[in-house]
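# Understanding the architecture of this molecule
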Amino acid sequence: MAALLEIQGANPFRVRAYRNAARTLDALPRSVADMLAEKEDLSRLPGIGKDLAGKIAEFLDTGHFLALEEVEREVPAGLVDLTQLPGLGPKRVKVLHEELGIRNLTDLERAARKHRIRELAGFGVKTEQRIIEALSRHASEERRHKLADVEEIARFYVDYLQAIPGAKVVIVAGSYRRRKETVGDLDILVTCKQGSPIMEGFVEYDEVDTVISRGPTRATVLLRSGLQVDLRVVAQASYGAALYYFTGSKAHNIAVRTIAVKKKLKINEYGVFKGEQRVAGKTEDEIFKAVGLRYIEPELRENRGEIEAAKKNRLPRLVSMSDIRGDLHAHSNATDGHDSLREMAGAAKKLGYSYLAITDHSKRVTIAHGMDEKRLRRQLDAIDRLNSRLDGIRVLKGVEVDILADGTLDLSDSVLRHLDLTIGDIHSGFTLSSDKQSERIIRAMDNPHFKILAHPTGRLINQRPGYEVDMERVMEAALERGCYLELNAQPDRLDLHDVHCRMAKDMGLKLAISTDAHSTSNLEYMRFGVDQGRRGWLEPEDVLNTRPWRELKKLLARP
DNA sequence: GCCGTTTTCGGCCCGACTGTTTTCAGTCG
């Protein structure tokens, strides 16, 4: 709706209102249909007023969104795809539609190849060529990159830039710094001595495929990997303001700028200004202070309540890697892991942990060489023997037991009762309805040995969406039964989502941040889980494995 | 279309780069 209204030339603030509302809905941990069914007032959500609440209800009720259908009669829906192409915004798309009758990407491609676009006022040969190039790339790219994949690219680029003469600070801002699970592009911020050839160096980097734009303070390139990278150069005096500004998120920035405006201040990437005078800019701390806010960690900057919390000095003290005392989900070579019990224990000890749970698969997961009761008993004996020889690290006896289709567990209670930790999860039957899936999981939690629900949605980032499940219902059930949920730290999973972590925290449900390591090196995935947890406002007390074993053991004892 | 320590109307974040212009609109982040 926002995109179509924009093409139509509607009031830009009305357009923004739709975008804001969409962002709010997108970040909700629960289904809007459920909220309405429970008679919640949608207009209490930020950015959603009486009108939009009504339209949302109308859509859920009737399947129709009349206002949208009306706009679509005037502006073909296919034009929205056009605005996704670089260089094409609402104004130009409107011209393309009105002058050439273009209705979708196919029409656009045809017109570009016939060179009809270059004839239009405000367009030219270059624009036409860019459109053709963009169309040929469109299908292959157009997706966000996993944070872990981007990290390596970022590290090399940063090291390279750092080595350019005159470079001072080189830092990656944007969603990368906010530790979002996926990153659209890299925003690199640089301060340097005057006359440093940093911009030349940036565009001449080996991995650069195309230079999209380049000015004295800002440039954009496309790497061979398909990742877009922006560089911004600022003076040292503006470093904090620029870092703050380019870290975003956009929604957060807009909200804080609005606060500044009310205080007769102006925030831009060069500083905070009172009239002509710069009153802050060198550090992020200064920026926050200037607008009367406590320092907000980058992971929280999503305009999801952090600004109000900062005003009231109620920000969470976020969990960090140094709080983590152990890992509660890991595999050995008894099933599909690469390394032995002893090797895994040694690696965990090296990380400074005091415990590591070995939670190998159960028999149903044949592809992972899952264990039956007999093999699991042998492994428990092996862990006992290992523990008696180990010093400074305790291996917890665990299992990752499959939750079967009917909600029963894949191993009998007679063996589960001997374990320190039973984690359960779903590896099949992904297509059940939300109700059925939720009931299946809750049934599994009814088993008194069940402790932690692992990777609760089953999603794989950029590969497969999670199964349908009513997360609030599952969390409530866990809370009632003394069970917990996992935040799986695998960079492909990061399951729970940040908004679900927040929901758990708000409900008082503790989470385990676990790596699901299949090798000693995988244990290092913990930091991705911690980052995700921080985005979900988790504090050390919200996380099971910040506890020493003595305390953790009590928490794991079902009432 | 939303929102309220300028509250029910009148505001709504801000600057850089490009291409097509000949002083700037459009796009982008």
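Structure report, in brief. Note that the structure is predicted; figures quoted are calculated from it, not measured.

As a further point, take the overall build of chain A. If you tally the helices and strands in chain A, you get 24 helices and 17 strands. For 559 residues, the compact-globule estimate of 2.2 N^0.38 gives 24 Å, and the C-alpha radius of gyration of chain A, at 26 Å, lies within 12% of that figure. Dimensions along the principal axes, computed over C-alpha positions, put chain A at roughly 80 × 60 × 50 Å. For chain A, buried positions account for 52% of its 559 residues. Summarising the internal contacts of chain A: among those between residues at least 6 apart in sequence, 67% fall at separations of at least 24. Accessible area for chain A stands at about 26,400 Å²; split by element, carbon and sulfur atoms hold 48% of it. Across chain A, the 88 positively charged side chains and the 84 negatively charged ones have centroids separated by 4 Å.

Counting residues in each nonpolar core, the largest one holds 56 residues, and the members touching the most others are L376, I441, M445, F450, L453, M475 and L485. Y18, I48, V75 and A134 belong to the second largest nonpolar core, which has 40 residues in total.

In this section: the sheet that holds strand β12 (residues 355-361). Across the sheet, which stays open at both edges, the seven strands sit in the order β11-β12-β13-β14-β15-β16-β17 with parallel pairing between neighbours. On the outer flanks of this sheet lie β11 (326-327) and β17 (511-514), each paired with one strand and no other. Sheet topology note: the strand β13 (residues 394-402)/strand β14 (residues 421-425) ladder contains five bridges and is parallel. In the sheet register, E400 faces β14, and the bridge partner there is I423. Sitting on the sheet, helix α23 (residues 526-535) touches β11, β16 (484-488) and β17, and the angle it makes with β17 is about 145°.

Counting buried positions along β14 gives five out of five residues, so the element sits mostly inside the fold. Where burial is concerned, the two faces of β14 agree: the one with L421, I423 and D425 and the one with T422 and G424 are both buried. With three bridges joining them, β14 and strand β15 (residues 450-453) adopt parallel strand pairing. Bridge pairing in β15 places I423 opposite I452. Read from β14 through helix α20 (residues 434-446) to β15, the crossover connection turns out right-handed.

This next bit is on the protein's contact with DNA strand B. Of all residues adjacent to DNA strand B, which total 52 residues, the nearest are K55, G87, G124, R214 and R257. Counting only the atoms of DNA strand B within 4 Å of the protein, the fraction contributed by sugar and phosphate is 74%. At 2.7 Å from a base nitrogen of DNA strand B is found a side-chain nitrogen or oxygen belonging to Y245. Elements represented by at least two residues in the surface near DNA strand B include exactly α2 (12-26), α4 (50-62), α7 (90-100), α9 (125-138), β5 (208-214), β7 (228-234), α14 (250-262) and β8 (266-268). When residues of the surface near DNA strand B are assigned to their parent elements, the largest contribution, six residues, is made by α14. Here the surface near DNA strand B is built from residues that sort into 19 nonpolar, 14 polar and 19 charged.

Moving on: the packing of aromatic side chains. What describes a pair of aromatic rings is the distance from one ring centre to the other and the angle between the planes of the rings. In this structure the tally under the stated criterion is ten aromatic pairs. Residues Y355 and W549 carry aromatic rings whose centres are separated by 6.3 Å and whose planes lie at 55° to one another, so their mutual orientation is tilted. In this pair, Y355 sits in strand β12 while W549 sits in helix α24 (residues 549-556), placing the two residues 194 residues apart along the sequence. Each member of the pair Y355 and W549 is classed as buried. Among the aromatic residues, ring-to-ring pairing joins Y157, Y160, F202 and Y205 into one connected group. Positioned above the aromatic ring of F528, the side-chain terminus of R527 is 4.4 Å from the ring centre.

Before going further, it helps to examine the side chain of R493. Turning to its location among the elements, R493 is positioned in the loop between β16 and α22 (498-507). Under the relative-accessibility criterion, R493 is labelled buried at 14%. Those residues in contact with R493 that sit more than four places away from it in its chain are H455, G458, R459, L460, I461, R464, N488 and D516.

Side chains carrying opposite charge are able to pair once their charged atoms draw close together. This model, assessed by the stated rule, comprises 36 salt bridges. A salt bridge links R19 to E6; its shortest N-O distance comes to 3.1 Å. Residue R19 is found in helix α2, and its partner E6 is found in helix α1 (residues 2-8); the two are separated by 13 residues along the sequence. Of the residues examined, R19 reaches a relative accessible area of 36% and is grouped as partly exposed. Across the pair K363 and E373 runs a salt bridge, and its minimum N-O distance is 3.2 Å. With K363 in the loop between β12 and α18 (373-389) and E373 in helix α18, the pair connects residues that are ten residues apart, well separated along the chain. Given the relative accessible area of 34%, K363 is considered partly exposed. Each member of the salt-bridge network shares a partner with another, and the members are R178, E302, R304, D498 and R535.

Over its 17 residues, α18 runs 25 Å from end to end, which matches the ideal 24 Å to within 8%, given 1.5 Å per residue. Within the sequence span of α18, burial applies to E373, R375, L376, Q379, L380, I383 and L386. For α18, the buried positions fall inside an angular range of 150° around the axis, keeping them on one side. Looking at α18, the residues exposed on the side facing more than 90 degrees away from the buried face are K374, R378, R385, S388 and R389. The secondary structure elements touched by the buried residues of α18 are α17 (341-350), β12, β13 and α19 (413-416).

Another point: the sheet that holds strand β10 (residues 277-280). Reading across from one edge, β8-β9-β10 is the order of the three strands in this open sheet, with antiparallel pairing throughout. Of all the strands in the sheet, the pair left with one neighbour each is β8 and β10. The mean angle between the axes of side-by-side strands here comes to 40°, regardless of whether they run parallel or antiparallel.

All right, on to the packing of helix α21 (residues 471-481) against α22 then. At a minimum axis separation of 11 Å, α21 and α22 run at an interaxial angle of 40°. As the angle between them shows, α21 and α22 are arranged oblique. Note that α21 runs across α22; the crossing there is right-handed. Across the interface between the two elements, M471, E472, M475, E476 and L479 of α21 pack against H500, M503, A504 and M507 of α22.

Conventions we followed
- Residues numbered from 1 in each chain as written.
- Chains lettered and ligands numbered in written order.
- Predicted model: local features only at pLDDT ≥ 70, side-chain atom pairs only at ≥ 80, totals over all residues.
- Heavy atoms only, no water.
- Helix = DSSP H or I, 4+ residues; strand = E, 2+ residues; numbered from the N terminus.
- Rg over C-alpha atoms; globule rule 2.2 N^0.38 Å.
- Buried < 20%, exposed > 50% of the residue type's maximum accessible area, 1.4 Å probe, protein only.
- Contact = heavy atoms within 4.5 Å.
- Areas by Shrake-Rupley, 256 points an atom, 1.4 Å probe, with all protein chains shown as cover.
- Lys, Arg positive; Asp, Glu negative; His and termini not counted.
- Charge placed at Lys NZ, Arg CZ, Asp CG, Glu CD.
- Core = buried A, V, L, I, M, F, W, Y, C linked by side-chain atoms within 4.5 Å.
- Pairing = 2+ DSSP bridges.
- Axes fitted to C-alpha atoms, helices over the stretch in contact; angles between N-to-C directions.
- Right-handed = clockwise from strand over helix to strand, strands pointing away.
- Near = heavy atom within 4 Å.
- Polar contact = N/O pair within 3.5 Å; in protein donor to acceptor, adjacent residues only side chain to side chain.
- Nonpolar A, V, L, I, M, F, W, Y, C, P; charged D, E, K, R; others polar.
- Phe/Tyr/Trp six-rings, centres within 6.5 Å; stacked < 30°, edge-to-face > 60°.
- Lys NZ or Arg CZ within 6 Å of the ring centre and 35° of its normal.
- Salt bridge = Lys/Arg side-chain N within 4 Å of Asp/Glu carboxyl O.
- Expected span 1.5 Å × (residues − 1).
- Arc of directions from axis to C-beta.
- Parallel < 35°, antiparallel > 145°, perpendicular 65-115°, else oblique.
- Left-handed = near helix turned anticlockwise from the far one by under 90°.

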